[in-house]
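Here are the chains, one letter per residue:
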Amino acid sequence: PRSTLFPYTTLFRSVPDRPPVELVALLLVLGQMTGSLEKPTVLALGWMRGHLDRSHELIDLLLTEFTPLAEAVWGAATDVEREGWRPRFAAFGFGRLKQFPRSVSERANLKGTFGLMDVAMAPQSPLRHEFGAIQLLRGLLRSWKDDGQDTLTPWRVDLACNNWGDVTKAHALADPDFLRVSVSSPGNATSFDDKRYRLPHWWDKSTRWRHQLGQVMRAVLTGDCDFTRGNPSSAFAVHLPRYSGILSSLEQRRHGLALGRLALGGDWLPVSSWLVDLTARLLEWPGMGSRPPEGGANEIGEPPGLSRFIEQRAGALGTLFGRASETPFLPARMNLGKARFSDGLLRVAVVQTVLPRESEFKKFGPELNDMPYRRRHRRHLGALVKALTALLDVRRTHIEDYRKVDLVVFPELAVHADDVGPIIERFADQQQCIVFCGLVFHRVSESLVNSGVWVIPDRSSERRTLHRYEQGKLHLTAEETDAGVVPFRPCQWLLEYVDSATCEVLWRMTASICYDATDLHLAADLRDRTDA
């Protein structure tokens, strides 16, 4: 009805004289309807300039509920306005210098002190890596103690290192002083506090200290100042203007926090289920239950107990590190259900695709995002998966003691990243098998990369989950280099099949793409660590 649309249509012409809470809702809807933040930014600034005595109310709401618009308002404000609003924006991390290099190559032999989120928000940050995250946790436990009054926020934490390019190396993990963590007092950070990190006053001390650590760790692992948001992406990217609904509010996200690995970042994120489960345990609310991390630690207990648990993990990862190839190895455990591999055999199916062809990369670009071709490529992949499913069904009719296929392998560059979920994941879930497929060239943290992805169904008596781990490629062909592809292998994933009864690792398997399989350094490192 016309009366229902009136509040939104008036935003296109003038600033409505409405309370801040209503205005933020209208601005959010307008941003989605127009597909841009340009008009909402102008209207928000106009309201704040016309209501100087109440501008702080709108600022607080934007910072907690509509961060992209808060960033746009800060960028469009005058120097005088910024000076007046600086304390409130500074409490949420705005106005800080971004000095940490965005290029991975520039971090070699880099030394110096940087703010925590300055490092965490950089592309392929060394802190968004299990090796770096463990060092951060270790440093926080040594340099910070909960006094029951002030709240730990990322803006109070500074990091110093003599070589930022080596944070993800084994010698850094073995040195407790390699990454030095310092925590400032709240008064030194800002006169306001970040409302997103406030804790309920009724929580006891044992809950407060671990939850504050968990909030900071999740902010680091997601690379997002707001730790309640998961897998950050631009909610207002350039798309056709459409209203897609409001995802959530701060309180909804806080009480319904997604704690799985996919909520922390993309498939490429070099973080194992051990760190994911530990972060979930730190963020437990009273009365909430979560799966304990691998290796025990059913109860986190006090900080000294957590410190010992972290040191055990650091030692285990240090022994796994590939010293010849200088590659971090991370274990990824899997459970395909009962009675799998009981005969010691691994049944493998290899799928040979026809599309894409080399000429099509030259015609449509390395990412193959041309929409008519995307439809053709998806139909081809879907037909192949249906053909494989039909073949397996036929084999089931005439083979005695038929065993399901355990692993399906697709070629390099065979599957577009957007087709993994709707096609590959559904197939893996239906057949209860592992899938490893090569991905079409795609972007990871602004870089064009070539990689493959493991899709692993995890089945137990309590749940049914699909895990994805992206395996990068380091050694490129000349054609890939000419196309702008960059080397990318933040870790080497080791798939571990574990006995569900004894938790004993029965065998390990890993994957390499093209030239990486000819890397003798990697082969030497894997010789005594994997079975296939």
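Please refer to the structure placed before this passage.
Residues numbered from 1 in each chain as written. Predicted model: local features only at pLDDT ≥ 70, side-chain atom pairs only at ≥ 80, totals over all residues. Heavy atoms only, no water.

1. Quick word on the overall build of the protein
Line of reasoning, step 1. A tally of helices and strands in the protein yields 19 helices and 13 strands.
Line of reasoning, step 2. Expressed as a percentage of its 532 residues, the buried residues of the protein come to 52%.
Line of reasoning, step 3. About 24900 Å² of surface is accessible on the protein, with carbon and sulfur atoms providing 53% of the total. (Helix = DSSP H or I, 4+ residues; strand = E, 2+ residues; numbered from the N terminus. Buried < 20%, exposed > 50% of the residue type's maximum accessible area, 1.4 Å probe, protein only. Areas by Shrake-Rupley, 256 points an atom, 1.4 Å probe, with all protein chains shown as cover.)

2. As for the sheet that holds strand 3 (residues 179-183)
Pairing between sheet strands relies on hydrogen bonds along the backbone, with the strands arranged either parallel or antiparallel.
Line of reasoning, step 1. The strand order across the open sheet built from three strands is 1-2-3, with neighbouring strands paired in antiparallel fashion. Because the sheet does not close on itself, it has two edges, and the strands there are strand 1 (112-115) and strand 3. Direction aside, neighbouring strands of the sheet carry axes that sit 25° apart on average.
Line of reasoning, step 2. Pairing of strand 2 (residues 157-161) with strand 3 involves five bridges; the strand directions are antiparallel. Within strand 3, the position partnered with Leu-159 by the bridge is Val-181.
Line of reasoning, step 3. Contacting strand 2 and strand 3, helix 8 (residues 130-143) runs over the sheet at an angle of about 45° to strand 3. (Pairing = 2+ DSSP bridges. Axes fitted to C-alpha atoms, helices over the stretch in contact; angles between N-to-C directions. Contact = heavy atoms within 4.5 Å.)

3. With respect to the packing of helix 8 against helix 11 (residues 205-222)
Two quantities define a packed helix pair, namely the angle between the axes and the distance from one axis to the other.
Line of reasoning, step 1. In the contact formed by helix 8 and helix 11, the axes pass within 11 Å of each other and the chain directions differ by 145°. Of the two possible hands of crossing, helix 8 and helix 11 adopt the one that is right-handed. Only Trp-209, Leu-213, Val-216, Met-217, Val-220 and Leu-221 of helix 11 make contact with helix 8, whose side of the interface consists of Ala-133, Leu-136, Leu-137, Leu-140 and Leu-141.
Line of reasoning, step 2. Of the residues assigned to the contact of helix 8 with helix 11, the class counts are 11 nonpolar, no polar and no charged. (Left-handed = near helix turned anticlockwise from the far one by under 90°. Nonpolar A, V, L, I, M, F, W, Y, C, P; charged D, E, K, R; others polar.)

4. A few points about the pairing of strand 10 (residues 451-459)
Line of reasoning, step 1. The element strand 10 is largely enclosed, with a buried count of eight among its nine residues.
Line of reasoning, step 2. Direction of pairing for strand 7 (residues 434-438) relative to strand 10: antiparallel, over a ladder of four bridges. Following the sheet pairing, Cys-437 is matched in strand 10 by Val-453.

5. Examining the pattern of salt bridges
Line of reasoning, step 1. Enumeration according to the criterion identifies 26 salt bridges in this entry.
Line of reasoning, step 2. A salt bridge links Arg-102 to Glu-446; its shortest N-O distance comes to 2.6 Å. Of this pair, Arg-102 sits in the loop between helix 6 (79-91) and strand 1 while Glu-446 sits in the loop between strand 8 (442-444) and strand 9 (447-449), and the two are 344 residues apart along the sequence.
Line of reasoning, step 3. For Glu-425, the salt bridge goes to Arg-468, with nearest N and O atoms at 3.1 Å. Here Arg-468 lies in strand 11 (residues 464-472) and Glu-425 lies in helix 17 (residues 420-431), a separation of 43 residues in the sequence. In this structure, Glu-425 and Arg-468 share a single accessibility class: buried.
Line of reasoning, step 4. Through salt bridges with shared partners, a single network forms among Asp-166, Lys-169 and Glu-326. (Salt bridge = Lys/Arg side-chain N within 4 Å of Asp/Glu carboxyl O.)

6. Here we look at the packing of aromatic side chains
Line of reasoning, step 1. Tallied over the entire structure, the rule returns 11 aromatic pairs.
Line of reasoning, step 2. Taking 6.1 Å as the distance between ring centres and 50° as the angle between the ring planes, the aromatic pair formed by Phe-131 and Phe-321 counts as tilted. Placement of Phe-131 in helix 8 and of Phe-321 in the loop between helix 14 (303-320) and strand 4 (329-334) is noted, with a sequence separation of 190 residues between them. An identical accessibility class is assigned to Phe-131 and Phe-321; each is buried.
Line of reasoning, step 3. Between the aromatic rings of Tyr-469 and Trp-493, the centroid separation amounts to 4.6 Å while the plane-to-plane angle is 55°, which identifies the pairing as tilted. (Phe/Tyr/Trp six-rings, centres within 6.5 Å; stacked < 30°, edge-to-face > 60°.)

Coordinates in, geometry out; function isn't part of it.
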